[in-house]
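One letter stands for each residue in the lines below.
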Amino acid sequence: MASGPLNGVKVVEFQGIGPGPFCCMLLSDMGADVVRIDRKGRRGSMPFDVGARGRRSVALDLKDAA
């Protein structure tokens, strides 16, 4: 169980570049529950990627109606 000032806060992150992933890494470090939405068919982050620590991820195709 995560602890910190943001314990109980849920955050949804959409895969991208720039400050978004870094911000979500900091939010998860402070106890937030962060879920990253990856593009379906794209390669996710590497297991040793420090920037992806503390987050779960799921691959979705948001353009598909199903």
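Residues numbered from 1 in each chain as written. Predicted model: local features only at pLDDT ≥ 70, side-chain atom pairs only at ≥ 80, totals over all residues. Heavy atoms only, no water.

### A short note on the sheet that holds strand E3 (residues 55-60)
Inclusion rule: What makes two strands pair is DSSP finding at least two bridges between them. Only DSSP runs of H or I covering at least 4 residues are called helices, and only runs of E covering at least 2 are called strands; the numbering of each starts at the N terminus. Note on definitions: angles span 0 to 180 degrees between N-to-C directions of axes, and those axes are lines fitted to C-alpha atoms, for helices only across the stretch in contact. Note on contacts: a residue pair is in contact if any heavy atoms of the two residues lie within 4.5 Å.
The strand order across the open sheet built from three strands is E1-E2-E3, with neighbouring strands paired in parallel fashion. The two strands at the open ends of the sheet, each matched to only one other strand, are strand E1 (10-14) and E3. Each strand of the sheet is rotated relative to its neighbour by a mean of 25 degrees, with strand direction disregarded. Pairing geometry for E1 and strand E2 (residues 33-39), over five bridges, is parallel. Of the residues in E2, the one forming a bridge with Val12 is Val35. Sitting on the sheet, helix H1 (residues 19-29) touches E1, E2 and E3, and the angle it makes with E1 is about 160 degrees.

### Digging into the side chain of Asp38
Test applied: Three labels apply to residues, based on accessible area from a 1.4 Å probe with only protein chains included: buried if under 20% of the type maximum, exposed if over 50%, partly exposed otherwise in between. For the purposes of these results, a polar contact is taken to be a pair of N or O atoms within 3.5 Å, where, inside protein, one atom must be able to donate a hydrogen and its partner to accept one; residues adjacent in sequence count only when each atom of the pair is a side-chain atom.
Here Asp38 shows up in strand E2. Using a relative accessible area of 8% as the deciding quantity, one classes Asp38 as buried. At 2.8 Å, the side chain of Asp38 forms a polar contact with the side chain of Arg36. Aside from chain neighbours lying at most four places away, what touches Asp38 is Gln15, Ser57, Val58, Ala59 and Leu60.

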